[in-house]
Amino acid sequence: MDNKKIRVLMMPSDGAGVGHYRSIWPAQEMQENFGDDFHVEIDLDFKNDIDYYKSFDIIHFHRQFGPYENLKPLVEELRKNGTIVIMDLDDYWIPSKTHPMYLAAVNDKLAEKITTAFKTVDYVTTTTDIFANYIKKYNSNVQVIANGIDINQPMWKDQDTRKTD
């Protein structure tokens, strides 16, 4: 039996907030608790290097994996290699008219790009059953994964932030 570790690339959308909840902390937990089976890397920067991405068995990205326009050919090439591509989305992707970024999202056709991405990837992870039900219209391979909140992180500790002399 082959004891090769499964190589996982986690690509957070950022290095704070949602990047921690959806990618960084879960990746660290996976590496710490299942390190005998998995080798997990975290990379915040998209690279225009197909060989780099082909070195992974699983790629899990939050929201965007390079330009949306290039996603389909990239995923198709990775599939030939046997790489599984998973998209994560933590929020509804069609902003309401009251959203501050509504016009920019409409002008950039962001909702259309995201729904096309759902159809392109192998799996989608999201935060709630509500979102999962919407996503299933485009990709039936949806898994709900709650935000990976690490309550031991300093941001979750009660601290008196009032200035004292």
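Residues numbered from 1 in each chain as written. Predicted model: local features only at pLDDT ≥ 70, side-chain atom pairs only at ≥ 80, totals over all residues. Heavy atoms only, no water.

Undergrad: Help me understand a nonpolar patch on the surface in this model?
TA: Together, Tyr92, Ile94, Ile130 and Tyr134 make up a nonpolar patch on the protein surface, roughly 370 Å² of accessible area in all. Structurally, the position occupied by Tyr92 is in the loop between strand S4 (84–89) and helix H4 (102–107). (Patch = residues over 30% accessible without salt bridge, like charges linked within 9 Å, V, L, I, M, F, W, Y side chains within 5 Å. Areas by Shrake-Rupley, 256 points an atom, 1.4 Å probe, with all protein chains shown as cover. Salt bridge = Lys/Arg side-chain N within 4 Å of Asp/Glu carboxyl O. Helix = DSSP H or I, 4+ residues; strand = E, 2+ residues; numbered from the N terminus.)

Undergrad: What's the story with the environment of Leu110 in this structure? I'm lost.
TA: In this structure, Leu110 sits in helix H5 (residues 110–120). The exposure class of Leu110 is partly exposed, given its relative accessible area of 23%. Between the C-alpha atom of Leu110 and that of Pro73, which follows or precedes it by 37 residues, the distance is 19 Å. Ignoring anything within four residues of it in the chain, the contact list for Leu110 reads Tyr68 and Ala105. (Buried < 20%, exposed > 50% of the residue type's maximum accessible area, 1.4 Å probe, protein only. Contact = heavy atoms within 4.5 Å.)

Undergrad: Please clarify how the layout of surface pockets should be interpreted in this entry.
TA: Unfilled space is identified by rolling a water-sized probe across the atoms. Here the largest pocket defines a volume of roughly 340 Å³. Met30, His60, Ile86, Thr125 and Ile145 are the residues nearest the centre of the largest pocket, which is lined by 21 residues in total. Elements supplying a minimum of two residues to the lining of the largest pocket: strand S1 (6–11), helix H1 (18–34), strand S3 (58–62), S4, strand S5 (123–126) and strand S6 (142–144). With five residues, H1 is the largest single contributor of residues to the lining of the largest pocket. Of the residues contributing to the lining of the largest pocket, the split by class is 14 nonpolar, five polar and two charged. Computed from the structure, the second largest pocket encloses a volume of approximately 210 Å³. Every residue lining the second largest pocket is listed: Arg63, Asp91, Tyr92, Trp93, Pro95, His99, Met101, Ala104, Ala105 and Leu110. Among the residues forming the lining of the second largest pocket, the class breakdown is seven nonpolar, one polar and two charged. (1 Å grid on protein atoms, 1.4 Å probe; cavity = no way out; pocket = protein on both sides within 12 Å on 5 of 7 lines; lining within 4 Å. Points joined across faces, edges and corners; volume = space filled by probe spheres on them. Nonpolar A, V, L, I, M, F, W, Y, C, P; charged D, E, K, R; others polar.)

Undergrad: What am I meant to see in helix H3 (residues 71–80) here?
TA: An α-helical turn contains 3.6 residues, so any two residues separated by three or four positions project in the same direction. Those residues of H3 that fall on the buried side of the exposure criterion are Leu71, Leu74, Val75 and Leu78. Taken end-on, H3 shows its buried residues confined to a sector of 95 degrees, consistent with a single buried face. Turned more than 90 degrees from where H3 packs its buried face, Lys72 and Lys80 sit exposed. The inward-facing, buried residues of H3 abut helix H2 (50–54), S3, S4 and H5. Just past H3, the residue Gly82 takes up positive phi, approximately 90 degrees. (Arc of directions from axis to C-beta.)

These values are about where atoms sit, not about what they do.
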